[in-house]
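# Residue-level structural notes
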Amino acid sequence: MKKEYKMSEERHQELKDELNYLKTVREKEVAELIKEARGFGDLSENSEYDEAKNEQGKLYSRIAEIEDILLHSVIIEEGAEQGNTVTIGSRVVVAEFKGNKTGKELPEYKVVGSQEADPMNRAISEDSPFGKALMGKKKGDTVVVEAPVGEIKYKIVKIER
């Protein structure tokens, strides 16, 4: 079964825009680089030509990747599932949980599809260990995250859409 790429409508549109740019503007630029490099003479010792062909390979690889993502994408409607359960699009606040005591509260995380994950900006993928632990849980639940240092426990303090 092919992997589904869950994403917001905004991310889907960003990928469509990038694909359009790559197929129109960037493809012409790379073709021009190859044409120019051919003019430098012997192709067997022409580093400009090799570089342009490598750039063309990267371009076509990225185009194929985006087309595959778009073909298997699933648009997640944020706010479609109201309630107190963690789903994609949920904003979650957790607190450290040691023993039977709730510790320090952490800043808010947003659970997103894998194509939108940005851990530095607190957007965590539903496929990440932390995201998997949160999915389907409710406010007050304790979640256990498997980490290299061992199990880490958190208590869900707040869930918003």
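The rules behind these values
Residues numbered from 1 in each chain as written. Predicted model: local features only at pLDDT ≥ 70, side-chain atom pairs only at ≥ 80, totals over all residues. Heavy atoms only, no water. Patch = residues over 30% accessible without salt bridge, like charges linked within 9 Å, V, L, I, M, F, W, Y side chains within 5 Å. Areas by Shrake-Rupley, 256 points an atom, 1.4 Å probe, with all protein chains shown as cover. Salt bridge = Lys/Arg side-chain N within 4 Å of Asp/Glu carboxyl O. Lys, Arg positive; Asp, Glu negative; His and termini not counted. Charge placed at Lys NZ, Arg CZ, Asp CG, Glu CD. Helix = DSSP H or I, 4+ residues; strand = E, 2+ residues; numbered from the N terminus. Buried < 20%, exposed > 50% of the residue type's maximum accessible area, 1.4 Å probe, protein only. Contact = heavy atoms within 4.5 Å.

This part covers a negative patch on the surface. Where like charges cluster on the molecular surface, the negative patch consists of Glu 32, Glu 36, Glu 48, Asp 50 and Glu 51. Within the residue set of the negative patch, elements represented by two or more residues are helix 1 (9–38) and helix 2 (47–71). Top element by residues in the negative patch is helix 2. It accounts for three residues. Mapping Glu 32 onto the fold places it in helix 1.

For Glu 126, the position within the fold is in the loop between strand 6 (123–125) and helix 3 (129–134). Note on Glu 126: relative accessible area 11%, which makes it buried. Among all residues touching Glu 126, those that are not within four sequence positions of it are Lys 6, Ile 88, Val 111, Val 112, Gly 113, Gly 131, Lys 132 and Met 135.

Attention shifts here to the environment of Tyr 5. Within the secondary structure, Tyr 5 sits in strand 1 (residues 5–7). Relative accessible area serves as the criterion here: at 15%, Tyr 5 is assigned to the buried category. Between the alpha carbons of Tyr 5 and Lys 104 there is a distance of 33 Å; along the sequence they are 99 residues apart. Contact partners of Tyr 5, with chain neighbours within four places excluded, come to Asp 68, Ile 69, His 72, Ser 73, Val 74, Ser 114 and Gln 115.

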